[in-house]
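Structural overview for review
Here is what each chain is made of, one letter per residue.
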Amino acid sequence: MVGNAVFRVEGLRKSFGRNEVLGGISLELHSGEVTVLMGANGAGKSTLVKIVSGVYERGGGTMTLAEQNFAPSTPAEAIRAGVVTVHQNINDGVVADLDVATNLTLDRLSGKGVPTLFNPARVRREAKAVADRMGLAIDLKARVNDLSLADRQMVAIARALAHQPKVLILDEPTSSLSSAEADRLFALVDRLREQGVAILYISHRMSDIRRLADRIVSMRDGIISGAFDTKPLDYEGAVNAMLGRKIHLDQIVVRSSAKPVLTVEGLRIAQGAKPISLTLGDGEVVAVTGLVGVGKTALAETLFGVRKPLAGTMTMNGIPYAPRSAGDAIAAGVFLVAKDRASSGIVGGFNIERNVSLPFLKRMSNLGVLKRRLERATARRQIEELGIVCRSEKDEMSALSGGNQQKVMVARWMAQDATLFILDEPFQGVDISARRDIAAKLRASAHGRATLLFVTELDEALETADRILVMSEHTIVGEHRNADVDLDRLLAEVAGGPLHSAA
Amino acid sequence: MTLRDYAIRYGFIVLLFGLVAYFAIAADGFVSPQSAVFIFQSVAITGVLALGVTATLVVGGFDLSIGSVATSAMMAAAYVMVVLEQNAVVAVIVCLLIGAIVGLINGWLIVYMRVPDLLATLGMMFLLVGLQRIPTEGRSIATGMTMPDGSVANGKFGDAFLALGRHRFDFFIPNLIPVSVVVLIVLAVLIWFFLEYTRFGRMMYAVGSNERAAELAGAPVKAYKIWAYVISGIFASIGGILLAARLGRGDIASGNNLLLDAVAAALIGYAVLGAAKPNAFGTAVGALFVGILLQGLTMMNAPYYTQDFVKGVVLVVALVFTFALSGRGRG
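Computed from a predicted model, the values in this text were never measured in an experiment. (Residues numbered from 1 in each chain as written. Chains lettered and ligands numbered in written order. Predicted model: local features only at pLDDT ≥ 70, side-chain atom pairs only at ≥ 80, totals over all residues.)

A tally of helices and strands in chain A yields 17 helices and 22 strands. For chain A, the C-alpha radius of gyration of 25 Å lies close to 23 Å, the compact-globule estimate for 503 residues. In terms of overall dimensions, chain A has C-alpha extents of about 70 × 55 × 45 Å along its principal axes. By residue count, 48% of the 503 residues in chain A fall in the buried class. Residue pairs at least 24 apart in sequence account for 68% of intrachain contacts in chain A once pairs closer than 6 positions are excluded. (Helix = DSSP H or I, 4+ residues; strand = E, 2+ residues; numbered from the N terminus. Rg over C-alpha atoms; globule rule 2.2 N^0.38 Å. Buried ≥ 20, exposed ≤ 12 C-beta atoms within 10 Å, placed from the backbone. Contact = placed C-beta atoms within 7 Å.)

Contacts between the two partners involve 22 residues from chain A, matched on the other side by 19 residues from chain B. Of all the secondary structure elements, the ones that give two or more residues to the side of chain A that touches chain B are helix 10 (326-331), helix 11 (341-344) and strand 18 (369-370) of chain A. Taken together, the residues that form the side of chain A that touches chain B break down as 13 nonpolar, eight polar and one charged. (Nonpolar A, V, L, I, M, F, W, Y, C, P; charged D, E, K, R; others polar.)

Ile-422 of chain A together with Leu-49 and Ala-77 of chain B are the most contacted members of the largest nonpolar core, which has 255 residues in total. Counting residues per element, this core draws most heavily on helix 10 (residues 221-247) of chain B, at 16 residues. Counting only domains with at least three residues in this core, you end up with domain 1 (7-82 + 163-243) and domain 2 (260-494) of chain A. Ignoring anything within four residues of it in the chain, the contact list for Ile-422 of chain A reads Ala-300, Leu-303, Phe-304, Val-334, Phe-335, Leu-336 and Leu-452 of chain A. (Core = buried A, V, L, I, M, F, W, Y, C linked by C-beta atoms within 7 Å. Domains from an automatic or database assignment.)

Attention now moves to the packing of helix 6 (residues 159-166) of chain B against helix 10 of chain B. All names here are of chain B. In contact at an axis separation of 7 Å, helix 6 and helix 10 are set at 100 degrees when each is read in the N-to-C sense. Taken together, the axes of helix 6 and helix 10 are roughly perpendicular relative to one another. In this structure, helix 6 uses Phe-161, Leu-162, Leu-164 and Gly-165 to contact helix 10, whose residues at the interface are Ile-241, Leu-242, Ala-245 and Arg-246. (Axes fitted to C-alpha atoms, helices over the stretch in contact; angles between N-to-C directions. Parallel < 35°, antiparallel > 145°, perpendicular 65-115°, else oblique.)

On to the sheet that holds strand 11 (residues 260-268) of chain A, then. Residues and elements named next belong to chain A. Read across the open sheet, the four strands follow the order 12-11-14-15; overall the sheet is antiparallel. The open sheet terminates on both sides in strands that have one partner only, identified here as strand 12 (276-281) and strand 15 (319-320). Bridge analysis of strand 11 against strand 14 (residues 311-316) gives five bridges, and the strand direction is antiparallel. Along strand 14, the bridge assignment pairs Val-264 with Met-314. (Pairing = 2+ DSSP bridges.)

This paragraph deals with the domain arrangement of chain A. All names here are of chain A. The domain architecture assigned to chain A consists of domain 1 (7-82 + 163-243) and domain 2 (260-494). Summarising the inter-unit geometry, the C-alpha centres of domain 1 and domain 2 are found 33 Å apart. With four residues, helix 8 (residues 235-243) is the single largest residue contributor to the side of domain 1 that touches domain 2. Classifying every residue of the side of domain 1 that touches domain 2 gives four nonpolar, five polar and two charged.

Before going further, it helps to spend a moment on the packing of helix 11 (residues 258-269) of chain B against helix 12 (residues 280-299) of chain B. Residues and elements named next belong to chain B. Their axes nearest at 7 Å, the elements helix 11 and helix 12 cross at an angle of 125 degrees. Overall, the two elements helix 11 and helix 12 adopt an arrangement that is oblique. Helix-helix and strand crossings are classified by hand; for helix 11 and helix 12 the assignment is right-handed. Contacts between helix 11 and helix 12 involve Asp-261, Ala-264, Ala-265, Ala-266, Ile-268 and Gly-269 from the former and Gly-282, Thr-283, Val-285, Gly-286, Ala-287, Phe-289 and Val-290 from the latter. Along the lines of polarity and charge, the residues of the contact of helix 11 with helix 12 split into eight nonpolar, four polar and one charged. (Left-handed = near helix turned anticlockwise from the far one by under 90°.)

This next bit is on the environment of Ala-322 of chain A. Residues and elements named next belong to chain A. Its location among the elements puts Ala-322 in the loop between strand 15 and helix 10. Assessed through the 14 C-beta atoms surrounding it within 10 Å, Ala-322 is described here as partly exposed. Put simply, Ala-322 and Asp-466 are 144 residues apart on the chain and 26 Å apart in space, counted from C-alpha to C-alpha.

Below, the discussion takes up the confidence of the model for chain B. Residue and element names in this part refer to chain B. Summary statistics for chain B give a mean pLDDT of 90 and a share of 98% for residues scoring 70 or more. Taken element by element, the predicted model of chain B shows its lowest mean pLDDT in helix 13 (residues 304-325) (82) and its highest in helix 4 (residues 88-111) (97). Reported confidence for the predicted complex is 0.88 by ipTM and 0.82 by pTM. (pLDDT = per-residue confidence, 0-100.)

This is the structure we're talking about:
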């Protein structure tokens, strides 16, 4: 480790309303080092980044940059002070319709002391200087729109580096890059590290982390849950600190199933991924776990018919199952509670009742005319069943808490009997009591169908499932019966390391 | 409910009654069955168009081509009867086909060619404005007109067709209700029932509010969107048929205000009963509102240009009701 930290955060706090997102974060970044920040969704990573980059105001604590107090009130101030952030969404960092040279010098086009007239020759000259320093081999006259994602990412980073920052924050920079493209990014990060920039690298991809990390810091529920800086780095320890087991009281009685409902053979969901084979049984609750971006949602969507597999066959109750749309899947009794309810579940213009009935309107109508009495009775029954807290079935969705909104989503798909019930991240943005309610309901009603959960948090899998499958790199790499789970082996599989290394 | 809720919910209805009360006092002869019928008749065609565009608003789209679909249908009806010397039934069928085909093309452009709805239907509007004038080289169509090649067109508007625009049904008073008003009421009830009480209408609202959620609930989202434009096209062509029947000729200069009036009616409809979303009842009330306003102003001898201004003011106020006061957007 190199001497003193160039950037230091101490006791950083932040709350939104009553909800505390950061509960006292302390973090140090050193020049010429890559510090990897790991954390599951909702751990508070993006809040931390937004405070550091001047988007949010902090709730408490101090930040120092090169021994100076650092308290940016706008993103521009943070950048001027030398803390530069490249956000996850690449297109936020570039202006697609302008050429590369203009993008690289964009921040010099406004502010005080800038000439009114736009001088293309000067812009190109300055841009060339920036590009050379970075070793950027991109045609400066090309329009950003015509570049590949990786090149755009490079431009976004180069643009950030035109400020010659002391601290660079990269927020999941490889999430939309292929592995060859990512290699170019890594080379760039190496170069910056040599130039003495302190880098905070946020990622879920274990391969990135193994390639780049000098130190790893894990976050969980708004606090730092682990810091690792002795080589060789303890990757499994970092994953454990990020996802690992909290003390919980719920003990479940693990069931196993004799009667298979869904059999999947040789299913390939991504180029170059190993095929997936699995069997889901009647009455069984199976959880698939793994880091973000390992293909959990892709698998869920493939089973639900909205994504085509590259290869493989599926059999449901002995009959070939090859859904070509969500409609096909629903007709076959396969229901999906999709990830991210706000964008893919809730119909904002509809009240609870109409949100519940949405997928089953055909079964609730006669010659196309809705049976409104049946619709209302169904909504009332489902509100009762899941204990949704509301005034009536006519309440708007926006009036409900996150947990109750999610209960409505689950209630929607439990209104009819499923053959295979899939839930993708059903506990995201859900408070602990609603999470328990939903999990208990899933287990209590599991008989007569197969239930498949996709969860990133290990706890959620351990609390609800009979069987746990581990995904890594778009395939299934491990299987555990949820009784006396070998947690070390499980974590090794999640971290994508060689199997049985810890056993 | 707070006062604000009441204002959002009943504001526009109160305004409508206030307007009627004002004109009843200020304009002589405003309160009479004939005046009421005249209002209905003046809004019938824009009302039909507005109901069509409501369908596209429901799926989160927009149709700017309705005005030109209506005038194209009018020109086509005149051409079919006057030049091709066909009967009323053929003319009506041709018009409806034009509406359906334009709607299909709009839907295809928007759904499969990914052209933004405003741009696709704007393009279609220009295309139709030109296309409808090609067969007669820019001339209006009337019986006895001279064709570009020098011959004289001998066909004429059939009596059955003209009756669509001119016949009046007895309703307590003889010869009171025009056919166009009956058509408007029937279509309004149909589209209202369709949107509120059938699963297809419900799904269209879901598509407009959250397309992805609708798709994951098993709805064929693309088909719903295309159907919305087909409905819009067919309704617009019905408007065109009524226009042709009322004028008795294919007049290239008519129908200029159709698009704006219809869009205004549909958007005013957002504000009725605090719906904050496109809805058939609101659209009908919106059309009525515009009609009452114009009829009242006419009877008070306001010049024509103030009418456009007042229409604009009403539309802006209605949009403020919908978007600012109720704190909800189109989603």
